[in-house]
Amino acid sequence: MIFSDGYLSTISLSDNRFSIFTSRDGGLKVGDPVQRITELGIGTLIRKDDRNYQIRVEGIDDLITIRAESGIITLILYILSV
């Protein structure tokens, strides 16, 4: 976690102990296949390059970046708009 001016600004998940969007069938965590984002209906998946994706969620300004290797999520980076 990273704080900016006393506010939480970034959450980085690099193992499968924690999930995001837990209200949606267990959520999304490291180790899940990238296609789970679409299956959960979280938002629009945008492929940036071979390893990096972004999730655009309607009504949320926060930036969610996903890194994957061979289609498996290895990092979730959630940057909150402060």
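Report follows, based on the coordinates. Please read all numbers here as calculations on a predicted model, not as lab measurements.

## Observations concerning the side chain of Gln54
With respect to the element layout, Gln54 can be found in strand β4 (residues 52-56). Using a relative accessible area of 14% as the deciding quantity, one classes Gln54 as buried. Looking at Gln54, its side chain comes within polar contact range of the side chain of Arg56, at 3.4 Å. Leaving out residues up to four positions away in the same chain, Gln54 has contacts with Thr44, Leu45, Ile46, Lys48, Leu63, Ile64 and Thr65.

## Considering the pattern of salt bridges
Side-chain pairing between opposite charges can occur once the charged atoms of the two side chains come close. In the structure shown here, the tally under the stated rule is 4 salt bridges. Arg47 is the partner of Asp50 in a salt bridge, and the nearest nitrogen-oxygen pair spans 3.6 Å. Note that Arg51 and Glu69 form a salt bridge whose closest N and O atoms lie 2.7 Å from each other. Here Glu69 lies in strand β5 (residues 63-69) and Arg51 lies in the loop between β3 (44-47) and β4, a separation of 18 residues in the sequence. What makes Arg51 partly exposed here is its relative accessible area of 38%. In this structure Glu69 comes out as partly exposed when scored by relative accessible area, which is 39%.

## Let's talk about unusual backbone geometry
Phi angles above zero are rare outside glycine, and Asp25 is one such case at about 50 degrees. As for its position among the elements, Asp25 is in the loop between β2 (7-13) and α1 (36-40). Despite not being glycine, Ser70 shows a phi value in the positive range, around 55 degrees. You can call Ser70 exposed: its relative accessible area is 80%.

Conventions we followed
- Residues numbered from 1 in each chain as written.
- Predicted model: local features only at pLDDT ≥ 70, side-chain atom pairs only at ≥ 80, totals over all residues.
- Heavy atoms only, no water.
- Helix = DSSP H or I, 4+ residues; strand = E, 2+ residues; numbered from the N terminus.
- Buried < 20%, exposed > 50% of the residue type's maximum accessible area, 1.4 Å probe, protein only.
- Polar contact = N/O pair within 3.5 Å; in protein donor to acceptor, adjacent residues only side chain to side chain.
- Contact = heavy atoms within 4.5 Å.
- Salt bridge = Lys/Arg side-chain N within 4 Å of Asp/Glu carboxyl O.

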